[in-house]
Amino acid sequence: MSTHRELIRRALGPRVQFVQGDDACAYGAVLAGCTFFAGYPITPATEVAERMAEILPRIGGCYIQMEDEIASMGALVGASWTGAKVMTSTSGPGFSLMQENLGYAIMTETPCVVVNVQRSGPSTGQPTMGAYGDMMQARWGTHGDHEIIMLCPASVQEVLEITIVAFNLAERLRTPVLVFIDGELGHMRERLVIPDDDEFELVERPRATDRASYRPFAPGPDLVPPFAPFGSGFRTFVTGLTHNEEGLPRASSAAVHDQLVRRLAAKITNHLDLITRYEEFYADDCEIAIVAYGITARTCRDVVEEARRRGIKAGLLRLISIWPFPEHIVARWAERVRAMLVPEMNLGQIVHPIREAVAGRCVVKPYARIGGELHTPAELLEALEALQWQPA
Amino acid sequence: MKREIRICGFGGQGVITAAVILGKAAAVHDGLTACQVQSYGPEARGGAARAEVIIADQPIGYPGIHLADVLVAMSQEAYNRYGRAIKPGAMVIIDPDLVFQHDEARPVTPVRATKIAEGLGNTVVANIVMLGAVAALTRVVSPEALLAATLESVPARFRELNRRALEAGMQVAGVPVLAQ
């Protein structure tokens, strides 16, 4: 008899591969312990689903192709309540359809990972092209007050690693976590080294132990309620309505609503130390900074190196976790630099929280590019050079 | 070291497969860094397809190619569309039976990949013949790495055909045949 981990290794294949970002996402999910995937194929996210469809049946997991993305997200919530680690993947049009049940997952504290391999919108837009146009939808796409966790890796290797992190955060904090890449990174192939099990951490959701005292939404000291899966004999009521710690609807109570929704937000904002991820280049003596994320940040790294060769004190702040926005990190950079260049593959989205964090302490210059092509090193270098002469 | 290689042709010729095998040879078998991207139209067959591979001995940032060091063109339409953005002195390899007109100012290396593949009994391996020639002419990956990457990328029953295609491509380029 093979153990589950052995089955996973066999299904993933050789340790070193040359694969796409989408493949790496599926691999990361499986390594993280994902055993359930529900989704609907959509370019450029289809390969995530394809890999999951191949691997999950071989490791005793379950892959379901649903009738649409609304149902996919619903299936995810149900499966997660059986105790499984769950994921779906989609692109812009599908992510729009998932918004209602994404909110349901937040309200019902259901761990799940939602991958968006972004393409240009609005609507069906440019299916085969990359974009980062859903960054703000990720933050506020579902209605009502809430916090969301969103991570943006920049290489095939990092897609695998960040997908594992996404599962760990989803489990630890009992909340949906979004992994956002784009069509370029999703379809780009690079060397991928599949890590050994002792090279990464695996986190399980906190479990309820005592049936008699179990109250399904009574939080622990870290504001996360211990979980009891359906079928385990614990009495659980789950609703998207405002509910008390027993899980029973109390939709007319201002006090219950205030307490619940503030706790759901605080359990995330109290754990920024677990969530916040970024990378800094030339932070120490940087005068002109680029703040970037996702695939764009790769180009920025080249640009900063070239700018340094030309005597410009350039640096790069690469954001990996986008939501909750790492305001304190950006603020710290704003204290030191004269200007920030913010290239985005949208018409300017993350530049807004950046401006809020900067609060007028330095120049913030957006550089928007849409249509599916990446920013070129030459145009970013030119923009960086122009910022040198910008009056503070 | 950083070499930027663009392989183009019409959809269905296997230019993306060729680029993937080249990248795999470099990244998995030769211990180099490689990054491969592609673009294609909505058609399943026909239309101009393009795949790009960057092979380097350092991390690769920007994954696109502005001006290629090596251009491989397997159709006239693709040559016309993607053939211009190359570096001065770039190596241009064409299948002369499919690219009839090319920029006279740029020297080209003809490799009759489709014709050779036909001789091997199946034009489907024209891309692999071309790959053998590219590897031999550019030396960007080792022949052993390319053979390993090719064999693990094709179905078992086509391995022998692909091995012969690779060898034929290398021979055309004047490079000794692989050891058995």
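What you see is a predicted model, and the numbers here were worked out from it, not measured in a lab. (Residues numbered from 1 in each chain as written. Chains lettered and ligands numbered in written order. Predicted model: local features only at pLDDT ≥ 70, side-chain atom pairs only at ≥ 80, totals over all residues. Heavy atoms only, no water.)

Q: Please clarify how the overall build of chain B should be interpreted in this entry.
A: On a plain count of helices and strands, chain B comes out with 6 helices and 6 strands. Listing every helix and strand of chain B by position from the N terminus yields β-α-β-β-β-α-β-β-α-α-α-α. Against the globule reference of 16 Å for 180 residues, chain B gives a C-alpha radius of gyration of 15 Å, in line with a compact fold. Seen through its principal axes, chain B has C-alpha atoms that stretch 40 × 35 × 35 Å. Sequence separation of 24 or more characterises 60% of the internal contacts of chain B that already satisfy a separation of 6 or more. With the model as given, the accessible surface of chain B reaches about 7700 Å², and the carbon-plus-sulfur share is 53%. Positive and negative charge centroids in chain B, built from 17 and 16 side chains respectively, lie 2 Å apart. (Helix = DSSP H or I, 4+ residues; strand = E, 2+ residues; numbered from the N terminus. Rg over C-alpha atoms; globule rule 2.2 N^0.38 Å. Contact = heavy atoms within 4.5 Å. Areas by Shrake-Rupley, 256 points an atom, 1.4 Å probe, with all protein chains shown as cover. Lys, Arg positive; Asp, Glu negative; His and termini not counted. Charge placed at Lys NZ, Arg CZ, Asp CG, Glu CD.)

Q: For this particular structure, what's the right way to read the domain arrangement of chain A?
A: Where interface size is quoted, it is often the accessible area lost as the parts come together. All names here are of chain A. Along its sequence, chain A is organised into domain 1 (4-199) and domain 2 (280-388). The C-alpha-based centres of domain 1 and domain 2 are spaced at 27 Å. Across the boundary between the two partners, domain 1 contributes 28 residues, which contact 20 residues of domain 2. Between domain 1 and domain 2, roughly 1900 Å² of surface is buried when both sides are summed, and carbon and sulfur atoms account for 60% of that area. (Domains from an automatic or database assignment. Buried area = accessible area lost by both parts, 1.4 Å probe.)

Q: Got a minute to help me understand the interface of chain A and chain B in this structure?
A: With 19 residues of chain A at the contact, the number on the chain B side is 17 residues. The junction of chain A with chain B conceals about 1500 Å² of combined surface from both sides, 58% of it contributed by carbon and sulfur atoms. Inspection of the region where chain A meets chain B yields 6 residue pairs in polar contact (both at pLDDT 80 or more). Taken together, the elements giving at least two residues each to the side of chain A that touches chain B come down to strand 1 (16-20), helix 8 (183-187), strand 8 (189-193) and helix 11 (296-309) of chain A. With 4 residues, strand 1 of chain A is the single largest residue contributor to the side of chain A that touches chain B. Relative to strand 2 (residues 33-39) of chain B, strand 8 of chain A runs antiparallel, the two sharing 2 bridges. By the bridge assignment, A:Arg189 is partnered in strand 2 of chain B with B:Gln36. (Polar contact = N/O pair within 3.5 Å; in protein donor to acceptor, adjacent residues only side chain to side chain. Pairing = 2+ DSSP bridges.)

Q: Sorry, what's going on with the sheet that holds strand 10 (residues 288-293) of chain A here?
A: Residue and element names in this part refer to chain A. Read across the open sheet, the 5 strands follow the order 9-11-10-13-14; overall the sheet is mixed. Looking at the sheet topology across the chains shown, the edges are occupied by strand 9 (278-281) and strand 14 (363-368). Going from strand to strand, the sheet's axes swing by 20° on average, the running direction of each strand aside. Bridge count between strand 13 (residues 339-344) and strand 14: 6 bridges; the pairing is parallel. By the bridge assignment for strand 14, Ala 339 is matched with Val 363. With respect to the sheet, helix 11 is in contact with strand 9, strand 10, strand 11 (314-319) and strand 13, its orientation differing from that of strand 11 by roughly 165°. Set on the sheet, helix 13 (residues 351-358) makes contact with strand 10, strand 13 and strand 14; between it and strand 14 the angle comes to about 175°. (Axes fitted to C-alpha atoms, helices over the stretch in contact; angles between N-to-C directions.)

Q: Got a minute to help me understand unusual backbone geometry in this structure?
A: With the exception of glycine, the majority of residues adopt a negative phi angle, and the majority of peptide bonds are in the trans configuration. All names here are of chain A. Of the consecutive residues Thr 43 and Pro 44, the connecting peptide bond is found in the cis state with omega at 0°. Assignment of secondary structure puts Pro 44 in the loop between strand 2 (34-39) and helix 3 (46-55). Of note, the bond from Gly 121 into Pro 122 is cis; its omega dihedral lies within 30 degrees of zero at 0°. Assignment of secondary structure puts Pro 122 in the loop between strand 5 (112-118) and helix 6 (135-140). In the Ramachandran plot, Glu 109 falls in the positive-phi region, its phi being about 55° despite a non-glycine side chain.

Q: What's the story with helix 12 (residues 327-336) of chain A in this structure? I'm lost.
A: Residues spaced three or four apart along an α-helix point in a common direction, a consequence of the helix completing one turn every 3.6 residues. Turning to helix 12 of chain A, its buried residues are A:Ile329, A:Val330, A:Ala331, A:Trp333 and A:Ala334. Packed against the buried residues of helix 12 of chain A are strand 9, strand 10, strand 11, strand 13 and helix 13 of chain A. (Buried < 20%, exposed > 50% of the residue type's maximum accessible area, 1.4 Å probe, protein only.)

Q: Could you clarify how one ought to interpret the pattern of salt bridges in this entry?
A: As a working rule, side chains carrying opposite charge can pair if their charged atoms are close by. Residue and element names in this part refer to chain A. One pass over the full model with this rule turns up 34 salt bridges over all chains. Close ionic contact of Glu 147 with Arg 139 constitutes a salt bridge, the shortest N to O distance being 3.5 Å. Exposure class is identical for Glu 147 and Arg 139. Each is buried. Taking the shortest distance from any N to any O, the salt bridge between Glu 306 and Arg 310 comes out at 3.0 Å. (Salt bridge = Lys/Arg side-chain N within 4 Å of Asp/Glu carboxyl O.)

Q: Honestly, the pairing of strand 4 (residues 85-90) of chain A in this entry has me stumped. Any pointers?
A: Within a regular beta strand, the side chains point alternately toward one face of the sheet and then the other, so they alternate between its two faces. Residue and element names in this part refer to chain A. Across the 6 residues that make up strand 4, a large majority, 6, are buried. The side-chain alternation of strand 4 yields two buried faces, one formed by Lys 85, Met 87 and Ser 89 and the other by Val 86, Thr 88 and Thr 90. With 3 bridges connecting them, strand 2 and strand 4 associate as parallel partners. Across the sheet, the residue bridging to Cys 34 is Lys 85, located in strand 4. Summarising the sheet, strand 4 and strand 5 pair through 4 bridges and their orientation is parallel.

Q: Mind showing me how you'd approach the sheet that holds strand 2 of chain B here?
A: By way of backbone hydrogen bonds, the strands of a sheet pair with one another, either parallel or antiparallel. Taken together, the 8 strands give an open sheet; going across it, the order is 1(A)-8(A)-2(B)-3(B)-1(B)-4(B)-5(B)-6(B), and neighbouring strands pair in mixed fashion. Looking along the sheet, the strands with just one partner apiece sit at the ends: strand 1 of chain A together with strand 6 (108-110) of chain B. Here the average twist between neighbouring strands, direction ignored, is 25°. As judged from the 4 bridges shared by strand 1 (residues 2-10) of chain B and strand 4 (residues 68-73) of chain B, these two strands associate in the parallel manner. Of the residues in strand 4 of chain B, the one forming a bridge with B:Ile5 is B:Val70. In the packing of helix 4 (residues 126-138) of chain B onto the sheet, the strands contacted are strand 1, strand 4, strand 5 (86-94) and strand 6 of chain B, and the crossing angle to strand 5 of chain B comes to about 140°.

Q: Can you walk me through the side chain of A:Thr108 in this structure?
A: Structurally, A:Thr108 is set in the loop between helix 5 (92-107) and strand 5. Of the polar contacts made by the side chain of A:Thr108, one reaches the side chain of A:Thr110; its length is 2.7 Å.

Q: What's the story with the nonpolar core in this structure? I'm lost.
A: Soluble globular proteins tend to pack their nonpolar side chains together in the buried interior. A:Met87, A:Met340 and A:Ile354 are the most contacted members of the largest nonpolar core, which totals 128 residues. At 11 residues, helix 7 (residues 156-173) of chain A tops the list of elements feeding residues into this core. Per-domain counts for this core show at least three residues from each of domain 1 (4-199) and domain 2 (280-388) of chain A. Formed by 47 residues, the second largest nonpolar core is a distinct cluster that contains B:Val111, B:Ala117, B:Val134 and B:Ala136. (Core = buried A, V, L, I, M, F, W, Y, C linked by side-chain atoms within 4.5 Å.)

Q: Please clarify how helix 14 (residues 377-388) of chain A should be interpreted in this entry.
A: Residue and element names in this part refer to chain A. Between its first and last C-alpha, helix 14 extends 17 Å over 12 residues, near the 16 Å set by a 1.5 Å rise per residue. Taken together, the buried positions of helix 14 are Glu 379, Leu 380, Leu 381, Ala 383, Leu 384 and Leu 387. Elements that come into contact with the buried residues of helix 14 comprise strand 10, helix 11, strand 11, strand 13 and strand 14. (Expected span 1.5 Å × (residues − 1).)

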